[in-house]
Amino acid sequence: MKILINGLHKDVTAQKLGAILLEAGYGDMRVATAVNGGFVAVEQRKEFEIEAGDQVEIVAPRQGG
Amino acid sequence: MLGTSQYPSPAILAEAFRKSAASVATVSVRREAAGAHAGEGFWSLVRDLGVLVLPNTAGCYSASEAITTAKMARELFETDWIKLEVIGHSDSLQPDPFGLVDAAAKLCRDGFKVFPYTTEDLVLADRLLDVGCEVLMPWGSPIGTGLGLLNPYGLRSLRAHYPDVPMVIDAGIGLPSQATQAMEMGFDAILLNTAVAKAGDPVLMATAFSRAIEAGKLARDADPMEPRDMAMPSTPVIGKAFLQ
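We now turn to the structure provided with this report. (Residues numbered from 1 in each chain as written. Chains lettered and ligands numbered in written order. Predicted model: local features only at pLDDT ≥ 70, side-chain atom pairs only at ≥ 80, totals over all residues. Heavy atoms only, no water.)

### Quick notes on the sheet that holds strand S5 (residues 113-118) of chain B
All names here are of chain B.
No. 1: One open sheet accounts for three strands, arranged S4-S5-S6; its pairing is parallel. Both outer strands of the open sheet, strand S4 (81-84) and strand S6 (137-138), are each paired with one neighbouring strand and no more.
No. 2: Across two bridges, S5 lies against S6 in parallel orientation. Counted as the bridge partner of Thr 118 is Pro 138 from S6.
No. 3: Most of the contacts of helix H4 (residues 97-109) go to S5, to which it runs at about 170 degrees, and overall it touches S4 and S5. (Pairing = 2+ DSSP bridges. Helix = DSSP H or I, 4+ residues; strand = E, 2+ residues; numbered from the N terminus. Contact = heavy atoms within 4.5 Å. Axes fitted to C-alpha atoms, helices over the stretch in contact; angles between N-to-C directions.)

Here's what the structure looks like:
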């Protein structure tokens, strides 16, 4: 199915957020996630269902003021 | 408090922190590419600074966006502290007071310790304290301008109305003298970033700010004299020789 990951169109086969992170190459990286604007905690990712067209945001620590 | 953005290099960032004597580092969350590991490298650098971490919601223009960002930051940085920014105007980067109070209320209820980026507005301060904020972070002037304290009257008024609320001047400080002025007014801390990071010599500027902030605090603690309009000789008049 086609989804958006960090604003880029991706075609993924997995249905759950945790599996999609693995499929997209995030492995065990230290990241936080949101789907369609709502936070998805790390312990929810394994069972969190993703649907076609969903917008997935994957973030990591960065510099800030 | 010192921001971690815009330094010429990670090594200069680290050295500026050491010279600044800052005890808090502000950080953010941003999109990560698969396999990039940029976030892990940065997080390792920040941990090595040995300071407290204050994540921000910089760039958020709505309460919902800021709340989601805060939750992502809490998970990544393992802290309930959040520097809450809900921007209301893209040119001045001034906060959206309505979105700010809305987001602050929800985050406080969710267990966050909210450090709201606000203005010197007393009514807004009152609302933020009402919804559970225990710290206020009024701006000196718009973010990144370096214009210093544009409304000293308003800031003095804010300080006087809430003498027991910890307050940090956040944004707009460009020179050490401006930081001294804020500390002399009775503010508890200064959050700096651009003034240090974009100086020609960030490490030297961090040293200058450290001394300026300490000077301002010492001056405040020393209970300064009251200014007066009339001149008054400091040398005793009595005992002056009569020479006519």
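From this point, things continue past the structure.
### With respect to the interface of chain B and chain A
No. 1: In this assembly, 31 residues from chain B lie in contact with 26 residues from chain A.
No. 2: Interface area for chain B against chain A, summed over the two sides, is near 2400 Å², with a carbon-plus-sulfur share of 57%.
No. 3: Looking at the side of chain B facing chain A, the largest losses of area belong to Arg 31, Glu 75 and Leu 76 of chain B, adding up to 28% of the total buried there.
No. 4: The tally of links between chain B and chain A comes to four salt bridges.
No. 5: In this structure, the salt-bridge partner of Glu 75 of chain B is Arg 45 of chain A, at a minimum N-O distance of 3.2 Å.
No. 6: Our count for the chain B to chain A interface comes out at 21 residue pairs in polar contact (both at pLDDT 80 or more).
No. 7: For the side of chain B that touches chain A, the secondary structure elements donating two or more residues are strand S2 (24-31), helix H2 (38-49) and helix H3 (63-77) of chain B.
No. 8: Tallied by class, residues from the side of chain B that touches chain A come to 11 nonpolar, 11 polar and nine charged. (Buried area = accessible area lost by both parts, 1.4 Å probe. Salt bridge = Lys/Arg side-chain N within 4 Å of Asp/Glu carboxyl O. Polar contact = N/O pair within 3.5 Å; in protein donor to acceptor, adjacent residues only side chain to side chain. Nonpolar A, V, L, I, M, F, W, Y, C, P; charged D, E, K, R; others polar.)

Any functional reading would require information beyond the geometric quantities listed.
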